[in-house]
Each structure stands twice: as C-alpha cells, then as structure tokens.
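Inside the fold
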Amino acid sequence: MDVLQIGFGNGHLLPDLLGRAEGLNYVRIDISQTMIDEVRRFDASLVTSGQTTFHHAKAEETPFLAASFDRVFAVNVIYFWSDALRQLKEIGGVLRPNGFRLIAATLETTSANPVTRPEFGFLARDETTLVVLHEEAGFSDLTVELFEEAAPHL
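Residues numbered from 1 in each chain as written. Predicted model: local features only at pLDDT ≥ 70, side-chain atom pairs only at ≥ 80, totals over all residues. Heavy atoms only, no water.

**A word on the packing of aromatic side chains**
For the structure shown, the criterion picks out 6 aromatic pairs. On the basis of an interplanar angle of 25° and a centroid distance of 4.1 Å, the ring pair of Tyr79 and Phe122 is categorised as stacked. You can see Tyr79 sitting in the loop between β4 (69–75) and α4 (84–94) and its partner Phe122 sitting in the loop between β5 (95–104) and α5 (127–136), a full 43 residues away along the chain. Its relative accessible area of 3% is what places Tyr79 among the buried residues. In this structure Phe122 comes out as buried when scored by relative accessible area, which is 8%. Feature note: the residues Tyr79, Phe80 and Phe122 constitute an aromatic cluster, connected by ring pairs. In this structure, Arg28 packs its charged tip against the face of Phe8, placed 5.1 Å from the ring centre. Directly above the ring of Phe139 sits Arg101, whose terminal nitrogen or CZ lies 3.8 Å from the centroid. (Phe/Tyr/Trp six-rings, centres within 6.5 Å; stacked < 30°, edge-to-face > 60°. Helix = DSSP H or I, 4+ residues; strand = E, 2+ residues; numbered from the N terminus. Buried < 20%, exposed > 50% of the residue type's maximum accessible area, 1.4 Å probe, protein only. Lys NZ or Arg CZ within 6 Å of the ring centre and 35° of its normal.)

**Re the sheet that holds strand β1 (residues 2–6)**
What the 5 strands build is an open sheet, ordered β3-β2-β1-β4-β5; its pairing is parallel. Two strands bound the open sheet, and with one partner strand each, they are β3 (52–56) and β5. The average angle at which neighbouring strand axes cross in this sheet is 20°, direction not considered. Pairing of β1 with strand β2 (residues 25–30) involves 5 bridges; the strand directions are parallel. The residue bridging Asp2 from the neighbouring strand is Asn25, located in β2. Contacting β2 and β3, helix α2 (residues 33–42) crosses the sheet at an angle of about 155° to β3. Across the sheet, α4 is in contact with β1, β4 and β5; its angle to β5 comes to roughly 145°. (Pairing = 2+ DSSP bridges. Axes fitted to C-alpha atoms, helices over the stretch in contact; angles between N-to-C directions. Contact = heavy atoms within 4.5 Å.)

**So, unusual backbone geometry**
Despite not being glycine, Ala67 shows a phi value in the positive range, around 55°. Counting through the fold element by element, Ala67 comes out in the loop between β3 and β4. Within the chain, Asn98 stands out as a residue other than glycine whose phi angle is a positive 65°. Mapped onto the elements of the fold, Asn98 is located in strand β5.

If you want it as structure tokens, here you go:
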C-alpha cells in the first residue's frame, strides 16, 4: 500500500505507525526545512532501511505522478493552506481511484489554543466550509467526524 503524509512534523510517531502495518510504501512531504532536518536525525534508520522517504515539497505542488497513492493524509496542516482548494485538488490528483484521504483539523468554533490565530498564519475553518472545499475539489464521499482532542495545549 502506498501512503502519503502531508506535513509530517518531527516524525516521532512514525516508528509506532510502521510497527502496526507491513508492506507500506510510506512517503512524506513537508514545507518546513526545520522538520526535514529533524526527520533526518530522528528517522535516519527508517530512511536508510527503505521503510520511508521524505521530500521537501508543498502540498499543492507534490513531486508525484497522478494516481500514485492509495491513502493520503494531512493532520493539523490545512490551517496553513491559504488556498486549500488547490491543495485538496492536488490530493485528489495523486490519489488512486477509490483511494482514501483523511484531513484532520480543529474547527474554527472549537479551537482554544492560543496560537491558533490568523496573525500566526493559522486559518481555522468551520465544518460547512471544510465540506464545501472538499466538494469543490471533486470529492463526493465525505464523512465529518467530530472528536475532542485528548492532548493538552501547552
């Protein structure tokens, strides 16, 4: 199975994830050079063993061919996409037919974190806006699940 993660952060959860599934071609992209450097240090053995690859790339300009992935996910990054429709269309382009995508985000009405403000480049959207963006990007199989985040905000 070919999986793309957009906005992988520091990569510290990857060893646990890879331990839960075999036969993954796990590819990651991030726009942050800081996160790329962190992953080079932390996940070096996973990269060397071929269990994962990573690329310095934008979500709207992935370096992949059409229909390259069975799964695409982005957790807590849609806020930083000023033109989220463009990024969602790119996701649709790299997904295989019947592929699965997961976009996880804090809703505009639920964010209590003090750094979730527009002046920090953070654009939370309400549920309706997120659904409309996905529909405009060509996704018709939409499910919105609301949950309460368990991690504390520091």
